[in-house]
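# Coordinates in review
For reference, the chains in residue letters:
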Amino acid sequence: MKYVKPDSLYAASVLLAEETGTSRILAGGTDVLVQLRSEMVEPDLIVDLKHLDGLRDITAEAGGFRIGAAVSGAEMGEHTDLCAAWPGVVEGVELIGSTQVQGRCTMVGNLCNGSPAADSVPGMVAANAVARIQGPDGKRDCPVLDIPVGPGKTSLAKGEIITSIFLPARPANASDAYLRFIPRTEMDIAVSSAGVNLELDGAGTVTGARVALGAVAPTVRLVEDAGAALIGSRLDDAAIASMVAAVEAACSPIDDKRGTVEFRTKTAGVLAKRAALIAYERAGGTS
Amino acid sequence: MKNTHVTTTVNGDAVEFICEPEETLLDALRNRLGLTGAKEGCGTGDCGACSVNLNGRLVCSCLVLAAEAEGAQVETIEGMADGEALHPLQRIFIEKAALQCGICTPGILVAAKALLEKNPDPSETEIRYWLAGNLCRCTGYDKIIKAVQAAAAEMRSA
Amino acid sequence: MALDGNEKREFKVIGQRVKRPDGIDKVTGKALFGADLTAPGMLTGRILRSPHAHARIVSIDTSAALAMPGVKAVVTSADLAEPEDDFFRDIKDNVLARDKALYDGHAVAAVAATSRSAARAAIRAIKVEYELLPHVTDVDEAMKADAPVVQANRADESVPAGSSPNVTSYFEFGHGDLEAGFAKADTILERSFKTAATHQGYIEPHACLASLGHDGRGELWCCTQGQYNVRTICSEICGIEATQLRVTASEIGGGFGGKTTCFIEPVALALARKSGKPVKIVMSREEVFRASGPTVSSSSDVKIGMTKDGRITAAQAKLRYQGGAFPCGTVEFGAQAAFAAYDLDAVQTLGWNVLTNRPKEAAYRAPGAPMAIYAVESVVDELCQELGLDPLDVRLKNAARKGTLASYGPTFNDIGLVATLEAAKAHPHYGAPLGENQGRGLSCGFWFNFGGNTCVSLNINHDGTVGVVEGNPDIGGSRASISMMAAEELGIGYDKVRTVITDTNSLGFNDVTDGSRVTFAVGLATIEAARAAIREMCKRAAQIWGIDAEAVVWEDGAAKPSGPNAGDHPPMTLAEIAAVMDNTGGPIAGHHEVNADGAGVSFGVHLVDTEVDTETGATKILRYTVFQDAGKAIHPDYVEGQMQGGAVQGIGWALNEEYIYGEDGRLQNAGFLDYRVPVASDLPEIETVILEIPNPGHPYGVRGVGETSIVPPLAALSNAVSRAANVRMHELPMSPPRLLKAMSER
């Protein structure tokens, strides 16, 4: 195994593109090292990016935020403005692992590991986050929604590296929330999860809604019908019931050691409802 | 496989070691530097027994490659006492019987110290959630939480 | 001098909360656990494990592995001796498979190499040819006539004719006329229960460092609950004599019963012998789950009849336990413990031990009792609900007391069950108001506790300090309690005594640290050893004073003349006698060897309040109180620690912990991610109330406390959740998917 710290992102992407064996990008390492230790993967090449310029920065940009790929969950949680603008995105990232894991894990690593249950992803998708990608042929942007393509798989080409995530500018009266179901209070992989992002008008009516689900399908699900069900409402019971029905209809989970199809579907609806109510209150809505 | 040479600082002392590239910081501390205070309970970041402080952050040393410690500041349980003087957390853990077998104790002490440095007056809930990544199978956590609260109170009044 | 009496007294040291002697080493990281030792020239050992639940091992080709760089030895079962006794043969066949791989994770071969990566490469180069066989992992499936046979001809004479070959033993206990008893009942409930296998979950994986020379002399360092037991097992399995193998117990990072046998030590010794070098083996967490000793899983039927004013008229339990691929006796304990809390005229328990293709079970605090008492206490609670009776009052009405004929045979002496029940009833927890979706549950619990083989040696030092040497690893703070008992008996300060745990060469045989026996049996032996030393010190004082030894008494840490006729001599303290011992006959010591009996049973009652999230099936624990009889709490902090630790393990067992096997017979959750032990944020404070009903069998009244507290949580949680969710639960763990399903089907 070769451990390398390249001089630039471009150099890193070329190294990765040219590696004929197995390679892994190392940011926080909280997935890669677990896979190494349990002998699930034996990389020939590990590329450490944390030292590269900009990757550990959170910068205000165009009214929104650009979060570097090596920013840890703990650092995101300490950024007051980011937490105020996107509490749902931050709380999703902050639920990954333990305090110790938080000291290292990254949003981008969580996304690229490709687990259908990844905690950072529903919040990012609900936020309409965009990933900036560096490849051997240059840079491109891609919605986070289009990154996961299956369990453990992303749409990234060989040599492509996500270098940052962009969260767009927020209108007034907007907020988000993320909830997951786990059997304990911490330390579990999400059995089901929901990220809800709401925009309200001055009177507390929903004008924009995005509902994204985790752990109930091979990849994150953006449920457009669920968002649509909330638009024009003040989160009354009928709108919520309609949203929950849309959420349940969008689930296609599996039975496994963490949950059953029935359980995941049911709780996804419950979590979407509760997340919507939290996001609504954060956005200034009063029900 | 070519070995890696690492220069780093552990508990304030400059150290160097050679290791295989796949070795973790935990492996290096225990097998290359003779610092066996950090323990391997799981190797997958689920138990916290390997907790150390890396560049001011509480981390699981089993989730850090030894090579990543190059140029870093590492603090382990062995650096918590100041010569003969125990840190209040260490002393109060003994006084309040907050350990039984003691295998999780180094990790919990390192984690609790990091908490109190960030938040000198944590609530019981905050302590429990901060320590959720430190498994203890002997105590049921009760006396551990109480010891952290007592240490926090003492350190606040110092 | 009244040295032999165990009369009640005012204690000076006992009952204080002194500091433990190993505290500083443990809070500074200095203490050495199993994996913390190294030796010059040490090799890394690693074990190859079967990926199949059941398979014939057709061939093992180790030649490629042996040829690899850095590989110094490869061993299989053929490298071990052939013990005659079934007990040792089974352990041998477990540590390295003979001709069949009997479970997913079963050890098949092992290597020793110069580095971890070399060992890993060598393991992969070993070629094993398997012939897959059908497997069975469920206890009820394994009892069927057409079940795959795990091992043939292992049933003993107790097993009824016509049983599946997987049933290896059968037990019956009880007394009275069941039919007549049920006829007297106003209500009879018959319920069936299932519990999953759980693991002790000690945070320290098994680890050892072994050397074994060609002359047969060996050194073994390991984390264990019993170094003498390890010596016995390893000498039988490796074919060496016990005296030639010195076993030293490291500090132990949790055991709870799971480290009372051997998994890797004989393998490490065999590799050390073959390679000529020290070999270190440390199990990974995955190996610990797959291939050490979890609990049994169970399937049971309980039938209880009760009058409408709460008297139990008859009770029956049928317990089916699977203990993995080798015979075990655990159901016998379950069958004995199931109704121990009750004074019954008609009671019967039947138990079957069954083989499956799973790792062999090992003890986990009160082995066999939790799952049996879970079922019984659940039915009692449901009867209380149906009849509208207070659950504590019903327990009190039927409680076993002194003089009760226990369901498993003996007549109880002084016991603390009624005291714990009354303490629970009087406690503010019991009457506290409950809100919506909240429920309160309680359960009694019980464990026999054991005595066993024990040796202690106590030596007086010139400076008046005392060294105590004992042979039982300290898994809960026992060194402090042992020192306290020595100090109390000798009449000196706690800080003058140092207790160490020694290796197998330095003391006679000691049974393992189990059965909650250490504070009781090692304590008892320590007190007797102290008394022997006191007799010698009195002799020395008598000699100095020129009077008869019988004329000297020991009081407040000094020898005194026992009456006016003995002469007017100022007392001589222990330190003063020790300072001149060279001149009065030489070194002074006391020792005691015993197979201790007189252990007192320990009863407990747990109260728990839970709240259920009716939309998700999640359970929150609001409040938890443990009441337990300790006989005499030597060090209250450590008694509380046992009560709290056992309670939390039981909470995990009730709510989320379980071994999950796939259709392929492979363990699916061999890690702390998906084997879900309670974390700090899952729990509230665990309040404790210690009762003290002295055990007449111990000089200070001590009862073991380490095991009872894992027993009540299972039913206490089940009863609380059942009441909170308004639906009766009959299977553990009550994970959210199960609870949500039960609520939706209500």
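Residues numbered from 1 in each chain as written. Chains lettered and ligands numbered in written order. Predicted model: local features only at pLDDT ≥ 70, side-chain atom pairs only at ≥ 80, totals over all residues. Heavy atoms only, no water.

Moving on, we come to the interface of chain B and chain C. With 44 residues of chain B in contact, the opposing surface of chain C contributes 53 residues. The contact between chain B and chain C buries some 4000 Å² in all, and 55% of this surface belongs to carbon and sulfur atoms. Ranking the residues of chain B by area buried against chain C places B:Ile94, B:Gln100 and B:Arg137 at the top, with a combined share of 21%. On the surface where chain B and chain C come into contact, there are seven salt bridges. For B:Lys39, the salt bridge goes to C:Asp36, with nearest N and O atoms at 2.7 Å. (Contact = heavy atoms within 4.5 Å. Buried area = accessible area lost by both parts, 1.4 Å probe. Salt bridge = Lys/Arg side-chain N within 4 Å of Asp/Glu carboxyl O.)

Contacts between chain B and chain A engage 30 residues on the former and 26 residues on the latter. The contact between chain B and chain A buries some 2300 Å² in all, and 60% of this surface belongs to carbon and sulfur atoms. Taken as a group, B:Arg57, B:Leu63 and B:Glu68 account for 27% of the area that chain B buries against chain A, more than any other trio of residues on that side. A:Glu78 serves as the salt-bridge partner of B:Arg57, at 2.7 Å between the closest nitrogen and oxygen. At the boundary of chain B with chain A, the tally comes to nine residue pairs in polar contact (both at pLDDT 80 or more). Mapped by element, the contributors of at least two residues to the side of chain B that touches chain A are β3 (51–54), β4 (57–60), α3 (105–118) and α4 (124–130) of chain B. When residues in the side of chain B that touches chain A are grouped by element, the largest group, four residues, is from β4(B). (Polar contact = N/O pair within 3.5 Å; in protein donor to acceptor, adjacent residues only side chain to side chain. Helix = DSSP H or I, 4+ residues; strand = E, 2+ residues; numbered from the N terminus.)

With respect to the helices and strands, the residue A:Gln100 is situated in helix α6 (residues 99–102). Since its relative accessible area comes to 1%, A:Gln100 is described here as buried. Excluding its chain neighbours within four sequence positions, the residues that come into contact with A:Gln100 are B:Gly48, B:Ser51, B:Leu58, B:Val59, B:Cys60, B:Ala111, B:Gly133 and B:Asn134. (Buried < 20%, exposed > 50% of the residue type's maximum accessible area, 1.4 Å probe, protein only.)

For the rest of this paragraph, the subject is the side chain of C:Lys280. All names here are of chain C. Relative to the elements of secondary structure, Lys 280 occurs in strand β12 (residues 279–282). For the buried Lys 280, no salt bridge exists, and the shortest N-O distance to an oppositely charged side chain is 6.5 Å, to Asp 36. Within the structure, Lys 280 has its side chain in polar contact with the backbone oxygen of Ala 35 (distance 2.7 Å). Setting aside chain neighbours within four positions, we find Lys 280 in contact with Ala 35, Leu 37, Thr 38, Met 42, Leu 43, Thr 44, Gly 45, Cys 208 and Leu 209. (Lys, Arg positive; Asp, Glu negative; His and termini not counted.)

This brings us to the pattern of salt bridges. Pairing between side chains of opposite charge can happen when their charged atoms approach one another. All names here are of chain C. Enumeration over the complete set of coordinates arrives at 89 salt bridges over all chains. A salt bridge links Arg 191 to Glu 382, with the shortest nitrogen-to-oxygen separation between them at 2.9 Å. With a gap of 191 residues between them, Arg 191 in strand β8 (residues 187–195) and Glu 382 in helix α11 (residues 369–387) connect regions that are remote in the sequence. Here Arg 728 and Asp 381 are joined by a salt bridge, their closest N and O atoms 2.5 Å apart. Placement of the pair is Arg 728 in the loop between α20 (712–725) and α21 (736–744) and Asp 381 in helix α11, with a sequence separation of 347 residues.

To continue, consider the sheet that holds strand β11 (residues 174–181) of chain A. All names here are of chain A. Strand order across the open sheet formed by four strands is β11-β12-β13-β14, with antiparallel pairing between neighbours. Strand pairing shows two members of the sheet lacking a second neighbour, β11 and β14 (221–222), which therefore form its edges. Note that strand β13 (residues 206–214) and β14 share two bridges and pair antiparallel. Bridged to Leu 213 within β14 is Arg 221. (Pairing = 2+ DSSP bridges.)

All names here are of chain C. By the criterion of burial, strand β9 (residues 207–212) is predominantly enclosed, with five of the six residues buried. As paired elements, β9 and β12 share four bridges and run antiparallel to each other. Directly across from Ala 210, in β12, lies its bridge partner Val 279. Counted between consecutive antiparallel strands, the loop separating β9 from strand β10 (residues 218–222) contains five residues, among which Gly 216 sits at a positive phi close to 80°.

So, about the nonpolar core. One finds A:Leu198, A:Met243, B:Phe93, C:Leu220, C:Ile304 and C:Phe446 to be the most contacted residues of the largest nonpolar core, which totals 244 residues. The element contributing the most residues to this core is α11(C), with eleven residues. Every residue in contact with A:Leu198, bar those within four places of it in the chain, is listed here: A:Arg170, A:Asn173, A:Ala174, A:Ser175, A:Val206, A:Gly208, A:Ala209, A:Leu230, A:Leu235, A:Ala276, A:Ala279 and A:Tyr280. Formed by 79 residues, the second largest nonpolar core is a distinct cluster that contains A:Ala12, A:Leu82, A:Ala131 and B:Ala67. (Core = buried A, V, L, I, M, F, W, Y, C linked by side-chain atoms within 4.5 Å.)

Moving on, we come to the domain arrangement of chain C. Residues and elements named next belong to chain C. Partitioning chain C into domains gives domain 1 (23–31 + 451–596) and domain 2 (413–442 + 601–746). Computed from C-alpha atoms alone, the centre-to-centre distance between domain 1 and domain 2 is 39 Å. Domain 1 puts 17 residues into the contact, and the matching count from domain 2 is 14 residues. Between domain 1 and domain 2, roughly 1200 Å² of surface is buried when both sides are summed, and carbon and sulfur atoms account for 65% of that area. Three residues, Met 484, Ser 516 and Phe 520, lead the burial of domain 1 against domain 2; their summed loss comes to 38% of the area buried on that side. Applying the counting criterion to the domain 1 and domain 2 interface returns zero salt bridges. Linking domain 1 with domain 2 are five residue pairs in polar contact (both at pLDDT 80 or more), by the criterion used here. Considering only residue class, the side of domain 1 that touches domain 2 consists of six nonpolar, seven polar and four charged. (Domains from an automatic or database assignment. Nonpolar A, V, L, I, M, F, W, Y, C, P; charged D, E, K, R; others polar.)

A word on the packing of aromatic side chains. Residues and elements named next belong to chain C. Tallied over the full model, the rule gives 25 aromatic pairs over all chains. Plain terms: the ring middles of Phe 289 and Tyr 659 are 6.3 Å apart, the flat faces sit at 65° to each other, and that makes the pair edge-to-face. Taken together, the residues span a long stretch of sequence, with Phe 289 in helix α9 (residues 285–291) and Tyr 659 in the loop between α19 (636–655) and β26 (686–691) at a distance of 370 residues. Here Phe 289 and Tyr 659 have matching classes, each one buried. By the ring-pair criterion, three or more aromatic residues cluster together here, those being Phe 333, Tyr 408, Phe 412, Phe 446, Trp 447, Phe 448, Phe 450 and Phe 603. (Phe/Tyr/Trp six-rings, centres within 6.5 Å; stacked < 30°, edge-to-face > 60°.)

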